[in-house]
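Here is what each chain is made of, one letter per residue.
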Amino acid sequence: VLSFGAYAIGGGYWGPTQDELAVEAMRAAIDSGMNAIDTAPVYGFGHSERLVGELVRGRRDEVLIFSKCGIRWDGLRGGNGKEILGPGGVKARVERDSRPESVRYEVEQSLTRMQIERMDLLQVHARDPLVPVAETMGALLELRAEGKLREIGVSNYTREDLEAARLALGDVPLVSDQPQYSLLCRDIEADILPWAKENEVGLLVYSPIAQGLLTGKVPAERSFALDEGRSKKPDFQAKNRARVNAVIDEVLRPIAAERGATVTQVVLAWTIAQPGVTSALVGARTPEQVRENAAAAELSLSEEERALIALAFEAVKIDRGQAGFAARARAK
């Protein structure tokens with residue numbers, strides 16, 4: 001019910017990382033029962049995948065590897081890109097590209113970086129508006145038939161795009177969608193979540209702790225280095241942090257104290273208890289963080305506690321503005 005999200009270990013958005021510590025964190029995840037690791041080529045411009053490959057040498061049969069395609073920083077075709085930070089503060093332009101030839105190239109590069117023969121799940125990272133869904137799914141079907149990936153999924157798709165993908169795959173199931181979901185971002189409850197339940201498509205939700213905002217460990221007065229993405233994210237403005245922390249202190253901390261748990265564990269327990277959620281992807285950069293996260297799988301909140309938590313966060317108003325809305329919809 002909890003999977004290791006390998007976004008942060010790639011560096012870039014999250015600032016400097018320590019490779020050895022990152023691999024230790026992933027080892028701790030496997031040892032703690034997290035049997036799936038979710039990565040992507042664009043996470044650190046290939047760096048996250050290389051670290052995953054280092055991890056699984058000798059342990060491949062113990063872990064499911066999920067990766068992605070559809071966001072390129074190399075071989076750009078031009079059009080719909082933006083600039084993002086990579087390891088060492090290096091910037092590069094990235095863009096969506098789900099053309100069949102691009103998908104094939106990315107999959108082959110990912111397999112080489114991780115030094116594996118097949119991925120357990122390959123997900124289209126984001127919808128490419130310039131390429132029909134059926135063309136992208138056709139490429140993934142070919143790669144699946146060749147044994148380079150076991151299952152097919154998507155991420156950040158609308159309900160309409162999900163239906164198009166499902167139909168394009170025919171008898172091969174669309175096994176998963178990876179949307180953003182947390183106490184501060186529950187948009188999928190209106191359409192994506194019911195659709196996924198109806199069509200038996202798993203939901204691997206990302207940002208369940210809102211990039212740390214829901215942990216209770218990010219006080220309003222904290223500052224972020226300019227080379228870290230959260231310094232520019234509207235959700236992390238001091239006034240928004242103060243609003244979130246007020247609810248954490250009033251509602252989550254008493255529940256955590258009564259259960260002998262941490263705030264993070266309560267938030268994760270709430271998330272994985274939601275009907276339709278298959279697994280929550282949660283990142284960590286140290287073994288200690290991993291073990292804290294993993295323990296949330298054993299925490300069972302009562303129906304009354306879950307309802308109280310949901311109601312309390314429904315009242316939280318995050319001031320994102322137009323730029324913040326775009327970041328919430330597309331950032332990952």
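Below is a short write-up of the structure. (Residues numbered from 1 in each chain as written. Predicted model: local features only at pLDDT ≥ 70, side-chain atom pairs only at ≥ 80, totals over all residues. Heavy atoms only, no water.)

Regarding the overall build of the protein chain
Helix and strand counts for the protein chain stand at eleven helices and eleven strands. Against the compact-globule benchmark of 20 Å for 332 residues, the protein chain has a radius of gyration of 19 Å, which places it among compact chains. For the protein chain, long-range pairs separated by at least 24 residues make up 76% of all intrachain contacts whose partners lie at least 6 apart in sequence. Between the mean site of the 42 positive side-chain charges and the mean site of the 48 negative ones, the protein chain shows a separation of 4 Å. (Helix = DSSP H or I, 4+ residues; strand = E, 2+ residues; numbered from the N terminus. Rg over C-alpha atoms; globule rule 2.2 N^0.38 Å. Contact = heavy atoms within 4.5 Å. Lys, Arg positive; Asp, Glu negative; His and termini not counted. Charge placed at Lys NZ, Arg CZ, Asp CG, Glu CD.)

Re a negative patch on the surface
Taken together, the side chains of Asp19, Glu20, Glu24 and Glu54 define an acidic patch exposed on the protein surface. No other element matches helix H1 (residues 19–31), which puts three residues into the negative patch. Residue position: Glu54 is located in helix H2 (residues 47–56). A relative accessible area of 37% places Glu54 in the partly exposed class. (Patch = residues over 30% accessible without salt bridge, like charges linked within 9 Å, V, L, I, M, F, W, Y side chains within 5 Å. Areas by Shrake-Rupley, 256 points an atom, 1.4 Å probe, with all protein chains shown as cover. Salt bridge = Lys/Arg side-chain N within 4 Å of Asp/Glu carboxyl O. Buried < 20%, exposed > 50% of the residue type's maximum accessible area, 1.4 Å probe, protein only.)

Quick word on unusual backbone geometry
We note that Glu200 has phi near 55 degrees; this positive angle belongs to a residue other than glycine. Judged by relative accessible area, which is 73%, Glu200 ranks as exposed.

As for the side chain of Gln123
Checked against the element boundaries, Gln123 lands in strand S7 (residues 119–124). Residue classification places Gln123 among the buried positions, given a relative accessible area of 0%. Here Gln123 is in contact with Asp38, Phe66, Ser67, Lys68, Cys69, Gly153, Val154, Ser176, Gln178 and Leu204, once residues within four sequence places are set aside.

Notes on the pairing of strand S1 (residues 2–5)
Walk down a regular strand and you will see the side chains alternate between the two sheet faces. In S1, alternate side chains face the same way, and those of Leu2 and Phe4 on one face and Ser3 and Gly5 on the other are all buried. With four bridges joining them, S1 and strand S11 (residues 277–283) adopt parallel strand pairing. Residue pairing across strands places Leu2 opposite Ala280, the latter belonging to S11. Relative to strand S2 (residues 36–38), S1 is paired through two bridges, and the arrangement is parallel. Paired with Phe4 across the two strands is Ile37, which belongs to S2. (Pairing = 2+ DSSP bridges.)

A word on helix H3 (residues 100–114)
Along its 15 residues, H3 runs 21 Å from first to last C-alpha, staying within 8% of the 21 Å computed at 1.5 Å per residue. Within H3, burial applies to Ser102, Val103, Glu106, Val107, Ser110, Leu111, Arg113 and Met114. Considered in projection along H3, the buried side chains sweep an arc of 165 degrees and stay on one side of the axis. In H3, the exposed positions that point more than 90 degrees away from the buried face belong to Glu101 and Thr112. Looking at the buried positions of H3, the neighbouring elements they touch are H2, strand S3 (64–69), strand S4 (71–72), S7 and helix H4 (133–145). Two residues or fewer past H3, Gln115 is found with a positive phi of approximately 55 degrees. (Expected span 1.5 Å × (residues − 1). Arc of directions from axis to C-beta.)

Remarks on the sheet that holds strand S9 (residues 174–178)
Strand order in the closed barrel made by the eight strands is S1-S2-S3-S7-S8-S9-S10-S11, with parallel pairing throughout. Taking each pair of neighbouring strands and ignoring which way they run, the sheet shows an average axis angle of 30 degrees. In this structure, strand S10 (residues 202–205) lies alongside S11, joined through three bridges in parallel fashion. Residue pairing for S11: Leu203 is matched across the bridge by Val277. (Axes fitted to C-alpha atoms, helices over the stretch in contact; angles between N-to-C directions.)

As for H2
The element H2 is largely enclosed, with a buried count of eight among its ten residues. Those residues of H2 lying buried are His47, Ser48, Glu49, Leu51, Val52, Gly53, Leu55 and Val56. Here the buried face of H2 lies against H1, S2, S3 and H3. With its phi angle positive at about 85 degrees, Gly58 sits one or two positions after the end of H2.

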